[in-house]
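Listed below, chain by chain, are the residues.
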Amino acid sequence: RAKKNITTNFEFYLPEMEEKTAWRLSMIRQLRSDFAERKLELWYQPQIDLVSERVVGLEALLRWPDPEGQGYISPAVFVPLAEYSGLIIEIGAWVLEEACRRLKELKQSGHEQIRMAVNISMPQFRDQQFVGLVKQTLDEHQLPPDSLELEITESVVMDEPQIVIESLRSLKAHGVSIAIDDFGTGFSSMSYLQKLPLDRLKVDRSFVNEVEPGQNAFIAETIVTLSNKLGLHTIAEGVEKREQASYMLKLGCDEAQGYLYARPMPFEQLVAFLQKHESELKAENS
Ligand code: C2E
Ligand code: MG
Ligand code: MG
Ligand code: MG
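Everything numeric in this text was worked out from a predicted model, so none of it was measured. (Residues numbered from 1 in each chain as written. Chains lettered and ligands numbered in written order. Predicted model: local features only at pLDDT ≥ 70, side-chain atom pairs only at ≥ 80, totals over all residues. Heavy atoms only, no water.)

Inspection of the region around ligand 1 gives 21 residues, with R63, S121, D181, E240 and Y259 positioned closest. At 2.8 Å, a side-chain N or O of R63 approaches an oxygen atom of ligand 1. Here an oxygen atom of ligand 1 sits 2.8 Å away from a polar atom, N or O, in the main chain of Y259. In the complex, 84% of the free accessible area of ligand 1, which totals 800 Å², lies under the protein chains. Considering every element that reaches the shell around ligand 1, the biggest residue donor is strand 2 (residues 55-65), with four residues. Its residues placed into classes, the shell around ligand 1 shows eight nonpolar, five polar and eight charged. (Near = heavy atom within 4 Å. Polar contact = N/O pair within 3.5 Å; in protein donor to acceptor, adjacent residues only side chain to side chain. Areas by Shrake-Rupley, 256 points an atom, 1.4 Å probe, with all protein chains shown as cover. Helix = DSSP H or I, 4+ residues; strand = E, 2+ residues; numbered from the N terminus. Nonpolar A, V, L, I, M, F, W, Y, C, P; charged D, E, K, R; others polar.)

Here the phi dihedral of Q142 falls at roughly 50°; this positive angle occurs in a residue that is not glycine. The backbone phi angle of D182 is positive, close to 50°, even though this residue is not glycine.

Before going further, it helps to examine the packing of helix 2 (residues 16-36) against helix 3 (residues 75-85). Closest axis-to-axis distance for the helix 2/helix 3 pair is 10 Å, and the angle between their directions is 90°. Viewed along their axes, helix 2 and helix 3 adopt a mutual orientation that is roughly perpendicular. Of the residues in helix 3, those touching helix 2 at W23, R24, M27, I28 and L31 are V77, F78, L81, A82, Y84 and S85. Tallied by class, the residues present in the contact of helix 2 with helix 3 amount to nine nonpolar, one polar and one charged. (Axes fitted to C-alpha atoms, helices over the stretch in contact; angles between N-to-C directions. Parallel < 35°, antiparallel > 145°, perpendicular 65-115°, else oblique. Contact = heavy atoms within 4.5 Å.)

Considering the arrangement of structural elements, one finds R63 in strand 2. In this structure R63 comes out as buried when scored by relative accessible area, which is 15%. In this structure, the C-alpha to C-alpha distance between R63 and A262, residues 199 residues apart in sequence, is 16 Å. Leaving out residues up to four positions away in the same chain, R63 has contacts with L40, E41, W43, Y72, P75, F78 and P264. (Buried < 20%, exposed > 50% of the residue type's maximum accessible area, 1.4 Å probe, protein only.)

It is characteristic of soluble globular proteins that their nonpolar side chains tend to be buried jointly. Counting residues in each nonpolar core, the largest one holds 81 residues, and the members touching the most others are L62, I91, V118, F125, I152 and M248. It is helix 4 (residues 88-108) that provides the largest number of residues to this core, a total of nine residues. Look past the residues within four positions of L62 in its chain and what remains in contact with it is L40, E41, L42, P75, F78, V79, I91, W94 and V95. (Core = buried A, V, L, I, M, F, W, Y, C linked by side-chain atoms within 4.5 Å.)

Here we take up helix 4. For helix 4, spanning 21 residues, the distance from its first C-alpha to its last is 29 Å, which sits close to the expected 30 Å at 1.5 Å a residue. Directly after helix 4, the chain includes G110, whose backbone phi takes a positive value near 105°. (Expected span 1.5 Å × (residues − 1).)

Next up on the list: the coordination of the magnesium ion (ligand 2). Ligation of the magnesium ion (ligand 2) by protein atoms is provided by E59 (OE), N119 (OD1), E151 (OE) and D181 (OD), these donors lying 2.0 to 2.2 Å from the ion. Each donor residue of the magnesium ion (ligand 2) belongs to the same chain, with the gaps between them written as E-x59-N-x31-E-x29-D. Separating the magnesium ion (ligand 2) from the magnesium ion (ligand 3) is a gap of 4.0 Å, which D181 spans by donating to each of them. Of this pair, N119 sits in strand 4 (residues 115-119) while D181 sits in strand 6 (residues 177-183), placing them 62 residues apart in sequence. What makes N119 partly exposed here is its relative accessible area of 30%. Of the residues examined, D181 reaches a relative accessible area of 7% and is grouped as buried. (Donors = N, O, S within 2.8 Å, 3.2 Å for Na, K, Ca; no water.)

Moving on to helix 6 (residues 130-140). Buried within helix 6 we find F130, V131, V134, T137 and L138. Viewed along the axis of helix 6, the buried residues span an arc of 135°, placing them on a single side of the element. Opposite the buried face of helix 6, at more than 90 degrees from it, the exposed residues are D139 and E140. Those residues of helix 6 that are buried lie in contact with helix 4, helix 5 (122-126), strand 5 (148-153) and helix 8 (161-174). In the segment just after helix 6, Q142 is the residue with positive phi, at about 50°. (Arc of directions from axis to C-beta.)

With that out of the way, let us pick up the coordination of the magnesium ion (ligand 3). At the metal site, the magnesium ion (ligand 3) is ligated by D181 (OD), D182 (OD), E237 (OE) and E237 (OE), and these contacts range over 1.9 to 2.7 Å. One chain supplies every donor to the magnesium ion (ligand 3), and in sequence these donors are spaced D-D-x54-E. Owing to a relative accessible area of 24%, D182 belongs among the partly exposed residues under this scheme.

Structural measurements only, silent on function.
See the structure below:
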């Protein structure tokens, strides 16, 4: 009888934290085995030049098919687990390799000008081999280094500024492009903006959303002004409506990415999208 009570109490009082730890560990185990079985996918979302409306870039985004269903587990959920477990080093290397392989394929099939953006996490910067890995991957695919853009968030920079700045400087010297992702959400020190060898600021979706009613548009406006004064290119994230795109263009933003143009999609679908988009543009301009 006593034993039964203990069990009951244990289950009842199981601290939320332990439950969360158990969930995390089982997710990590599953992620590790699915990655080993090559089940992760890399999808691509177009980045559009606001003036010409041409596709000028792509962002590579990870997708993990839900082991228990037909859908996908959000990278917002599993990337933090991959970071926490260190798995992101191997997964990130695969992302880099796959993105470069696909970029080469696109360049060889007529999309010479397109660039590819890849998200990079903090543990990757801590890996001594990271800078060499990026250079080597570009080299193996014979890609011009400036056709690859690395996206890092402000929190990555703030976490370990020395390591990140040093790595980015070396990559930049090699020709690789650097973008700050989700800009405006990370409370980064302004002084880092001058220390980092940046090419682009990505205006966070939350500020782009707000340009529509007009009242809160000043944050997006301030970010674009800052970016222009720093001599950087600017891209608006999460553009879902025409008005948002035209407003961002009016502010002096160069590019946009969002559901208005296209959602992230598998490579085969992307190839078809690019073909269709280009022929539509040609039809409009003729
Ligand atoms: P992120 O780098 O800021 O990527 C942009 C996210 O916004 C993507 O979410 C994309 O699907 C979403 N998005 C794009 N346009 C719109 C729009 O118009 N409306 C809305 N509501 N959302 C839009 P996703 O694919 O779920 O990725 C979430 C985050 O996971 C990424 O945010 C990035 O931080 C991380 N992530 C994804 N792939 C990788 C990867 O390969 N490596 C690393 N380290 N992180 C990754
Ligand atoms: Mg990104
Ligand atoms: Mg972002
Ligand atoms: Mg984000």
